[in-house]
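# Residue-level structural notes
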Amino acid sequence: MLMPKRTKYRKVMKGRSRGKSFSANKIEFGDFALKAISAGRITSRQIEAARITMTRHIKRSGKTWIRVFPDKPLTAKPLETRMGKGKGSVDKWVMNIKPGRIIFEMAGVEEELAREALTLALHKLPFQSKIISQKDSNEVY
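These figures come from a predicted structure and were not determined experimentally. (Residues numbered from 1 in each chain as written. Predicted model: local features only at pLDDT ≥ 70, side-chain atom pairs only at ≥ 80, totals over all residues. Heavy atoms only, no water.)

### Topic: the nonpolar core
For the record, the criterion: Residues belong to one nonpolar core when they are buried, are Ala, Val, Leu, Ile, Met, Phe, Trp, Tyr or Cys, and are joined through side-chain atoms within 4.5 Å. Accessible area is worked out with a 1.4 Å probe on protein chains only. A residue is then buried under 20% of its type maximum, exposed over 50%, and partly exposed in between. Under the DSSP-based scheme used, a helix requires at least four consecutive residues in state H or I and a strand at least two consecutive residues in state E, with every element numbered from the N terminus. Contacts are assigned to residue pairs with any non-hydrogen atoms lying within 4.5 Å of each other.
If you look at the biggest cluster of nonpolar residues, it comprises 22 residues, and the most contacted ones within it are Ile42, Ile97, Ile103, Phe104, Met106 and Leu118. Per element, the largest residue contribution to this core is 4 residues, and it comes from helix α2 (residues 111–122). Setting aside chain neighbours within four positions, we find Ile42 in contact with Ile47, Trp93, Val94, Met95, Ile97, Ile103, Leu125 and Phe127.

### Observations concerning the sheet that holds strand β7 (residues 129–133)
Whenever strands of a sheet pair, they do so through backbone hydrogen bonds, lying parallel or antiparallel. Rules: Two strands form a pair only when DSSP identifies at least two bridges running between them. Interaxial angles span 0 to 180 degrees and are taken between N-to-C directions of axes, which are lines fitted to C-alpha atoms, for helices over the stretch in contact.
Ordered by their spatial adjacency, 4 strands build an open sheet running β3-β6-β1-β7, and the pairing between neighbours is antiparallel. At either end of the open sheet lies a strand with only one pairing partner, and these are β3 (63–66) and β7. Strand-to-strand twist in this sheet, taken as the mean axis angle between neighbours without regard to direction, amounts to 20°. Of the pairings in the sheet, the one linking strand β1 (residues 32–36) to strand β6 (residues 102–107) comprises 4 bridges and is antiparallel in character. If you follow Leu34 over to β6, its bridge partner there is Phe104. Contacting β3 and β6, helix α1 (residues 44–57) runs over the sheet at an angle of about 20° to β6.

### Side note on the pairing of β1
Summarising burial for β1: 5 of the 5 residues are buried, a large majority. Across the two faces of β1 the burial is the same, with Phe32, Leu34 and Ala36 and Ala33 and Lys35 all buried. As paired elements, β1 and β7 share 5 bridges and run antiparallel to each other. Across the sheet, the residue bridging to Ala36 is Ser129, located in β7.

### Examining α1
Rules: A helix is expected to span 1.5 Å multiplied by its residue count minus one.
Given a rise of 1.5 Å per residue, 14 residues ought to cover 20 Å, and the 20 Å separating the end C-alpha atoms of α1 matches this to within 8%. Restricting attention to buried positions, one finds in α1 the residues Ser44, Ile47, Ala50, Thr53, Met54 and Thr55. Packing partners of the buried residues in α1 comprise β2 (40–43), β3, β5 (89–97), β6 and α2.

In structure tokens:
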């Protein structure tokens, strides 16, 4: 699963996810892409599940790019623990997603197969997203 090798701080605050994505909002590498249309938070497990689903459906033909990296630690306290006694330990790694962010890209497969694979990956994600192609990627959401 994806996680950073090392970070400056072990635990960080959750922060706030407002506005639209101004970076990684256009297709750079492939022909088809999965674009977020609502805000959310994606974990390393969800990225891996979507990636496996896509690559299995296209039978490892073509190429896929993962355009997100979970570099924010999310902490959790153990179950049935009383309040207080500090912040919990790192539970998972996440990335805040803003509307307009490209999540995955794909190239080297036919349009129908790419759309099927990206649809299967879309169902693994916890926010709304849509499939776009290179020809209609000029629109900014």
